[in-house]
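The primary structure of each chain is shown beneath.
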Amino acid sequence: MKCPVCLLREDKARLKTAGMALEQLSDVVQRCQALPEDRYTTEDHDVFTISGRTCIEEGNSAQVLSIVLDEKNQDIVRCMGWNLLPPLIQVLVKKEDKKLSQCLAIFNHLLQTCRPKELLIGLLEQLEQDDPDTIATSLHLLLNPLQKVLLCLGSRKASSLGMTLSSVLDQVAKLPLPHTKEQEEDDVFSLCRCCTDLIDFVKPFVHEARQNLLNTEARHEREQGRDNEDELQTELLKFCMKTLSHPLLEVQLKDPDTLAVSPLRNFATEILNTLSAIGESVPSLVYQPLLKRKQVPGFLEEEVRYPKESLASLAHLVFVHHLAADTFPSVFSPVFCLRSNMEHICLLLSRTEEFRIQKGLELYEKSLVRVEDCSLHADLLEIKTFLTVPQHMVKVMTICPRHDLRTRGLKVLQLSIDKFDTEAKYNLFQYMLKTSNHSGVEGYVIKNIKNQIDVALQPGNSNTWFVGAHLLPLLRKVLSLPDGPETDLLHYLDRVMESLNLLRYLVIRDKATDNQTGIWTELYKIEDTFLKPLRVGVNMSRAHYERELHNTMATTRAKAKEESVLSVSVGDEKLPNMTSESQIQALHSALHTFDMIESVLVRIEELTEGEGKSLD
């Protein structure tokens, strides 16, 4: 803590500095009063800026206010006044200075007097902040002055508006996002207030762009609907596209039942309304992957004009949250909607961020529920996204860190399978068995194959894809071991068990006298390519694990220390270090698994032998 004498000296020094600054400011203003604007020197500008800022910082804002309001000084203020913005805005943001009202009066007078272009530069420079609280306060303070300044630019405002919106959205991107209902209600991060302020900010420019559009159409200057688009529309379109990507893609909007008044949902609605107002058809944007859009010469290339991620966010708002749903023609079928959304779904699911994956799953589910079961034809699988999306779904189900997203991924995958007709299911199963490279997924596909065979065997079903000649190639893929007898049975356990369950089902359900599936004529091949190698693999694996169990137990007895840490190798890989007790438990569990596989093998042998004897 400083001593009173030191503080007194600092106060005297500050007063001396303030007094000198005020004297310099008065001198430069008096000198410039007698000069035309084009005779102001660089030194005059520098002295005015430094001395004027120092006066405000040191508390002499009353004297500065008197100078800037003096009628004789208005040319000087018009030319140099914008340089006083930094200390003024600091005081207005902090709201703690005793001279707050005087600083506000100076600020308002500068906005009325200074040149718009210089004011714009000065205001945008002060917009740049890092602290979230300061960002929100600065935006709230400066958006209205920025709006007034831009409106003063007349028809030349478009590029300046684009620069301003870009700077504002860069600041908004620094704010934390609300994740819960309570955080949005209380606006703990001030994002909601900023979004509301932003909508108020763009309203006059949207109105102007709308009027320009209507006037142009009335004069028939557009031969094909969108030629000669003006720059104001382009800048507003870029703004809408950017907001769709952030924050709207990254926040989880709350439904009206959860949050009756949602500032973020209102913001999303206003963005969609803005798109419509500037002549962008929301349905055309959502269905862009399938609809050929008219070429727009000039400002933006297609990929830049309509970023794919922004369009995916738009589709999510429309189909999941039902925003702007009343603008969509009823002629679009559910299958058409699904086809167009597959591009958006594919993009979202290809990302690693959990919020994008979640929105991809939500959009896929909402697109599927309106489609009738067994109505999607096999030719849809010739469209790239209908095969790419299942690949992304596999990654979600197997490597996504969040359990709820993995579970939802499985649910949506099954929903998608149910929507395909039998030929499409058949082709999809083949593709997934070939590309999934995951035992759990392969096991799930095999379980679906079993269910389809069961449906096909029901009386009255005319399904040729899961019986007879078509089914056999699929069965050959299923009833096989990836690496023959050397297959790692624990790694491929899900696939192996579902394959055995399928084979057991077939020999029980499809009698040899019927042989609708063709399994009985194929059985000798299955014996050679699947059952025999599997028996060998089970025996080899059991012998290896029994030896490891024996060695582990012997080591444990020798050391007689329960806390000792062992390392056991299985195949070429070491099991994780754990206590000897845990190692023994893991090895017993593996042996139990081999017993389970063998029991199903024995049961299949009994069934096939019994059926063979009955034929004899």
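In this report, the structure presented in the accompanying data block is examined. For clarity, every value in this text was computed on a predicted model and none was experimentally measured.

Counting its regular elements, the protein chain contains 26 helices and 4 strands. The proportion of buried residues among the 616 residues of the protein chain is 48%. Contacts in the protein chain between residues far apart in sequence, at least 24 positions, make up 73% of those at least 6 positions apart.

Structurally, Asp-421 can be placed in the loop between helix H20 (403–419) and helix H21 (422–435). Buried charged residue Asp-421 carries no salt bridge. Nearest counter-charge: Lys-425, at 6.9 Å. A polar contact of 2.9 Å, which involves the side chain of Asp-421, links it to the backbone nitrogen of Ala-424. Every residue in contact with Asp-421, bar those within four places of it in the chain, is listed here: Cys-374, Ser-375, Leu-376, His-377 and Ala-378.

The next subject is the side chain of Lys-425. Note that Lys-425 resides in helix H21. Within the buried set, Lys-425 has no salt-bridge partner at all; the shortest N-O distance to an opposite charge, 5.6 Å, is to Asp-418. In terms of polar contacts, Lys-425 uses its side chain to reach the backbone carbonyl oxygen of Phe-420, at 2.4 Å. Those residues in contact with Lys-425 that sit more than four places away from it in its chain are Cys-374, Ile-417, Asp-418, Phe-420, Gln-452 and Phe-466.

A few words now on the packing of aromatic side chains. Any pair of aromatic rings gets described here by the distance separating the centres and the angle formed by the planes. All told, the structure shown has 11 aromatic pairs when counted by the stated rule. On the numbers, 5.7 Å between centres and 85 degrees between planes, the contact of Tyr-287 with Phe-328 is edge-to-face. Placement of Tyr-287 in the loop between helix H14 (282–286) and helix H15 (302–305) and of Phe-328 in the loop between helix H16 (308–319) and helix H17 (334–349) is noted, with a sequence separation of 41 residues between them. Assigned by exposure class, Tyr-287 and Phe-328 land together as buried. Centroid distance Tyr-426 to Phe-466: 5.9 Å. Interplanar angle 70 degrees. Geometry classified as edge-to-face. Of this pair, Tyr-426 sits in helix H21 while Phe-466 sits in the loop between helix H22 (439–456) and helix H23 (468–478), and the two are 40 residues apart along the sequence. An identical accessibility class is assigned to Tyr-426 and Phe-466; each is buried. By way of ring pairs, the aromatic residues Tyr-287, Phe-319, Phe-328, Phe-332 and Phe-336 are connected into one cluster. Over the ring of Tyr-505 we find Lys-450; its NZ or CZ atom is 5.2 Å from the centre of that ring.

One recurring pattern in soluble globular proteins is that nonpolar side chains are buried together. By size, the foremost hydrophobic cluster in this structure holds 181 residues, and its most contacted members are Phe-201, Leu-500 and Leu-534. Broken down by element, this core gets its largest block of residues, 11 residues, from helix H11 (residues 191–218). The contact partners of Leu-500, leaving out residues within four places of it in the chain, are Phe-530, Leu-531, Leu-534, Ile-597, Val-600, Leu-601 and Ile-604.

A separate point is the environment of Thr-552. Within the secondary structure, Thr-552 is located in helix H25 (residues 519–559). Using a relative accessible area of 4% as the deciding quantity, one classes Thr-552 as buried. Sequence spacing of Thr-552 and Leu-587 is 35 residues, and the spatial spacing of their C-alpha atoms is 9.4 Å.

As a further point, take unusual backbone geometry. As a rule of thumb, non-glycine residues mostly have phi less than zero, and peptide bonds are mostly trans rather than cis. Of note, the amide linkage connecting His-246 to Pro-247 takes the cis form, showing an omega dihedral of 10 degrees. Positive phi, normally seen in glycine, also occurs at Ser-190, with a value near 65 degrees. With respect to the helices and strands, Ser-190 occurs in the loop between helix H10 (181–186) and H11. Positive phi is not limited to glycine here, since His-322 has a value of about 60 degrees.

A rise of 1.5 Å per residue sets the reference length of helix H24 (residues 493–509), with its 17 residues, at 24 Å; its end C-alpha atoms lie 24 Å apart and thus fit the reference within 8%. Taken residue by residue, H24 has Arg-495, Val-496, Met-497, Ser-499, Leu-500, Leu-502, Leu-503, Tyr-505, Leu-506 and Val-507 as its buried positions.

The interhelical angle for the contact between H16 and helix H18 (residues 354–369), taken along N-to-C directions, is 50 degrees, at an axis separation of 10 Å. In terms of their interaxial angle, H16 and H18 are classed as oblique. The two elements H16 and H18 meet at a crossing, and its hand is left-handed. Contact with H16, carried on its side by Glu-309, Ala-312, Ala-315, His-316 and Phe-319, involves Arg-356, Lys-359, Glu-362, Leu-363 and Lys-366 of H18 and no other residues of that element. Grouping the amino acids of the contact of H16 with H18 by side-chain chemistry returns 4 nonpolar, 1 polar and 5 charged.

What counts, and at which threshold
Residues numbered from 1 in each chain as written. Predicted model: local features only at pLDDT ≥ 70, side-chain atom pairs only at ≥ 80, totals over all residues. Heavy atoms only, no water. Helix = DSSP H or I, 4+ residues; strand = E, 2+ residues; numbered from the N terminus. Buried < 20%, exposed > 50% of the residue type's maximum accessible area, 1.4 Å probe, protein only. Contact = heavy atoms within 4.5 Å. Lys, Arg positive; Asp, Glu negative; His and termini not counted. Salt bridge = Lys/Arg side-chain N within 4 Å of Asp/Glu carboxyl O. Polar contact = N/O pair within 3.5 Å; in protein donor to acceptor, adjacent residues only side chain to side chain. Phe/Tyr/Trp six-rings, centres within 6.5 Å; stacked < 30°, edge-to-face > 60°. Lys NZ or Arg CZ within 6 Å of the ring centre and 35° of its normal. Core = buried A, V, L, I, M, F, W, Y, C linked by side-chain atoms within 4.5 Å. Expected span 1.5 Å × (residues − 1). Axes fitted to C-alpha atoms, helices over the stretch in contact; angles between N-to-C directions. Parallel < 35°, antiparallel > 145°, perpendicular 65-115°, else oblique. Left-handed = near helix turned anticlockwise from the far one by under 90°. Nonpolar A, V, L, I, M, F, W, Y, C, P; charged D, E, K, R; others polar.

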